[in-house]
Amino acid sequence: NILKQTNSPQLIEAVLVSKPHKILRLECARNFFTPTQELIKLAFDNDNEVRESAMCNPNIPREIVEEYYRQHMISNHPNSQSDELSELIFSKWWFIRANAAKHFNLSLDDLEKFLCDSDFNVRASAAKNPNISIKALEKLAKDKSARVRAVVAQNLKTPIQCLE
């Protein structure tokens, strides 16, 4: 409750340094006095509600909000073109990259790039892409992440020998 009422940027920064629970991050994202650099960090939070709250804070730079919603729209729209999806390989948001990786209009060359993403969620999404090759599934079947390997196992295109 103190974060809802505080007008102290220093207190907010001190709370955020400690990597607080979601509820505290949410209150910081909603607080008008949260410093801009902290709002920007909250805009990249793993929790959707925290991100959305940071995006609604009037003190977050407009260009971050515009870029987020532009990329979000491209990654989710069924008519997004391959060249638009290609830009999302470099998105700062892992979930935008994950949506792009499973998009059916993504080129095979770009799909290959998503297979090497540092985030396991993106690689798992790539394994769901309807255009994924058998060779790519074989590669992902050996992924270090159990979640990625599980998604590969669920893909009907995965060869039986990859599951052994």
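Refer to the preceding data block for the structure.
Here's what I pulled together on the structure shown here. Bear in mind the structure is a predicted one, so any value in this text is a computation, not a measurement.

1. Points about the overall build of the protein
1) Next: Helix and strand counts for the protein come out as 12 helices and 0 strands.
2) Next: Its helices and strands taken in sequence order, the protein reads α-α-α-α-α-α-α-α-α-α-α-α from the N to the C terminus.
3) Next: The buried share among the 164 residues of the protein stands at 47%.
4) Next: In the protein, the proportion of contacts linking residues at least 24 apart, taken out of those at least 6 apart, comes to 41%.
5) Next: Carbon and sulfur atoms make up 55% of the accessible area of the protein, which totals about 9300 Å².

2. A closer look at the pattern of salt bridges
Should their charged atoms come close, side chains of opposite charge can pair.
1) Next: Within this structure, the stated rule accounts for 12 salt bridges.
2) Next: Of the charged contacts, one joins Glu-66 and Arg-62 as a salt bridge, the two residues approaching to 2.5 Å between their closest N and O atoms. Of the two residues, Glu-66 and Arg-62 are both situated in helix H6 (residues 62-76); the distance of 4 residues between them amounts to about one turn of the helix.
3) Next: On the basis of relative accessible area, Arg-62 is assigned to the exposed category, the value being 62%.
4) Next: Here the salt bridges share partners, and the residues they tie into one network are Lys-22, Glu-27, Arg-30, Asp-47 and Glu-49.

3. Some thoughts on the side chain of Asn-121
1) Next: By secondary structure assignment, the location of Asn-121 is in helix H10 (residues 120-127).
2) Next: By relative accessible area, Asn-121 is classed as buried at 16%.
3) Next: Polar side-chain contacts of Asn-121 include one of 3.1 Å to the side chain of Arg-147.
4) Next: When residues no more than four places from it in sequence are discounted, the contact partners of Asn-121 are Trp-94, Ala-98 and Arg-147.

What counts, and where the lines are drawn
- Here the residue numbering is sequential within each chain, running from 1 through the sequence in written order.
- With the structure being a predicted model, the display of local features is reserved for residues of pLDDT at least 70 and the display and counting of side-chain atom pairs for 80 or more, all residues being used for whole-chain, interface and lining totals.
- Each side-chain value is worked out from all heavy atoms of the structure, with water and hydrogens disregarded.
- Labels follow the DSSP assignment, with helices taken as runs of H or I lasting at least four residues and strands as runs of E lasting at least two, numbered in each case from the N terminus.
- To sort residues, take the accessible area from a 1.4 Å probe on protein chains only and compare it with the maximum for the residue type: under 20% means buried, over 50% means exposed, and anything in between is partly exposed.
- What makes two residues a contact is simply this: any of their non-hydrogen atoms within 4.5 Å.
- Here the Shrake-Rupley method, with its probe set to 1.4 Å, supplies the accessible areas, and only the displayed protein chains count as covering residues.
- Put simply, a salt bridge is a Lys or Arg side-chain nitrogen that is within 4 Å of an Asp or Glu carboxyl oxygen.
- Definition of a polar contact: a pair of N or O atoms within 3.5 Å, with one able to donate and the other able to accept a hydrogen when the atoms are protein atoms, and with sequence-neighbouring residues admitted only if both atoms are side-chain atoms.

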